[in-house]
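Next come the chains, spelled out residue by residue.
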Amino acid sequence: MLQEWSKLLAPAVQDRITLLLNHVMSREPIATTRLAPHTGRTVRLHLAGWPRLLPAAPDLRLRITPAGLLERLNDGESPEQEPDLDIQLEASNPAAAALGLLSGERPDVRVQGDAQLAGEINWLIDNLRWDIEDDLAAITGPAVAHQLGRFGRAAAQGLALLARQAGRFMPDGSGRA
């Protein structure tokens, strides 16, 4: 039953991730300018070491648009075609990885494929950050957004620390179940 829900929800979650990535990139025109020359190239994002206790996480397959943004490829769109760039994120402790991203830590990433495209993606990883506080300010005003941002950063740092410490108690000590 859980696997069935996972298959139904995965495309919707991947669409939201794609929208978030495009939102962050569209706020920095240099990002879309750097990706636009790679129009039509594909990227596969794989979560390596995903815990077996959780439903399987399907690969996120993206294509670069002429606008320098990303579009998610559906499962039926040339699944046998090798991506131009294959990115593997360490995900043996998904909670710690997600919270680390929120607190600004660089994820553990392995990349294979087109070197020029890999360089551009690496630049994006190093230089782009989601300014959640700025997005909140448009809704709540700057003072409230600042307070929410401070609270969110403190909570993310605390939860990331908790997740890292919990990973030490996994059976093999690697954070994997």
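Preceding this section is the structure that the text describes.
About the thresholds
- Numbers given to residues run from 1 along each chain, matching the order in which its sequence is written.
- Local features in a predicted model are, by the rule used here, given only for residues with pLDDT of at least 70; side-chain atom pairs are given and counted only at 80 or more, and totals for whole chains, interfaces and linings are based on all residues.
- Hydrogens are left out, water is left out, and the side-chain values use all remaining heavy atoms of the structure.
- Strands are runs of DSSP state E lasting at least two residues, helices are runs of H or I lasting at least four, and both sets are numbered from the N terminus onward.
- Burial classification: accessible surface area is computed with a 1.4 Å probe over protein chains only, and a residue below 20% of its type maximum counts as buried, one above 50% as exposed, and the rest as partly exposed.
- All accessible-area figures derive from a Shrake-Rupley calculation using a 1.4 Å probe, and residue coverage is judged against the displayed protein chains alone.
- Between any two strands, pairing holds if DSSP finds at least two bridges.
- Each axis is a line fitted through C-alpha atoms, and for a helix only the stretch in contact is used; angles between axes span 0 to 180 degrees, taken between their N-to-C directions.
- For this analysis, residues touch if any pair of their heavy atoms sits within 4.5 Å.
- One less than the residue count of a helix, multiplied by 1.5 Å, gives the span that helix is expected to have.
- Our arc is simply the arc of the directions from the helix axis toward the C-beta atoms.
- Any carboxyl oxygen of Asp or Glu that lies within 4 Å of a side-chain nitrogen of Lys or Arg is treated as forming a salt bridge with it.

1. Looking at the overall build of the protein
Secondary structure assignment for the protein yields six helices and five strands. Across the 177 residues in the protein, those meeting the buried criterion constitute 28%. For the protein, the computed accessible surface area is about 11100 Å², with 60% contributed by carbon and sulfur atoms.

2. As for the sheet that holds strand β5 (residues 109-113)
An order of β3-β2-β1-β4-β5 is seen for the five strands of this open sheet, with the pairing classed as mixed. In this open sheet, the two edge strands, each paired with only one partner strand, are β3 (70-72) and β5. Going across the sheet, the axis of each strand differs from the next one's by a mean of 25 degrees, ignoring polarity. Here three bridges tie strand β2 (residues 60-64) to β3, and the two strands are oriented antiparallel to one another. The partner of L62 across the bridge, within β3, is R72. Seen against the sheet, helix α4 (residues 115-127) touches β1 (42-48), β2, β4 (85-90) and β5 and runs at an angle of roughly 40 degrees to β4.

3. Remarks on α4
Spanning 13 residues, α4 covers 18 Å between terminal C-alpha atoms, matching the ideal 18 Å at 1.5 Å per step. Among all positions in α4, only L117, A118, E120, I121 and L124 are buried. Down the axis of α4, the sector holding all buried residues measures 160 degrees, keeping them to one side. Looking at α4, the residues exposed on the side facing more than 90 degrees away from the buried face are A115 and Q116.

4. Considering the pattern of salt bridges
In total, this model carries six salt bridges according to the counting rule given. In this structure, D15 engages R72 in a salt bridge whose closest nitrogen and oxygen atoms are separated by 2.6 Å. Pair noted here: D15 is in helix α1 (residues 2-26) and R72 is in strand β3, with a separation of 57 residues, a long-range link. Judged by its relative accessible area of 15%, R72 is buried.

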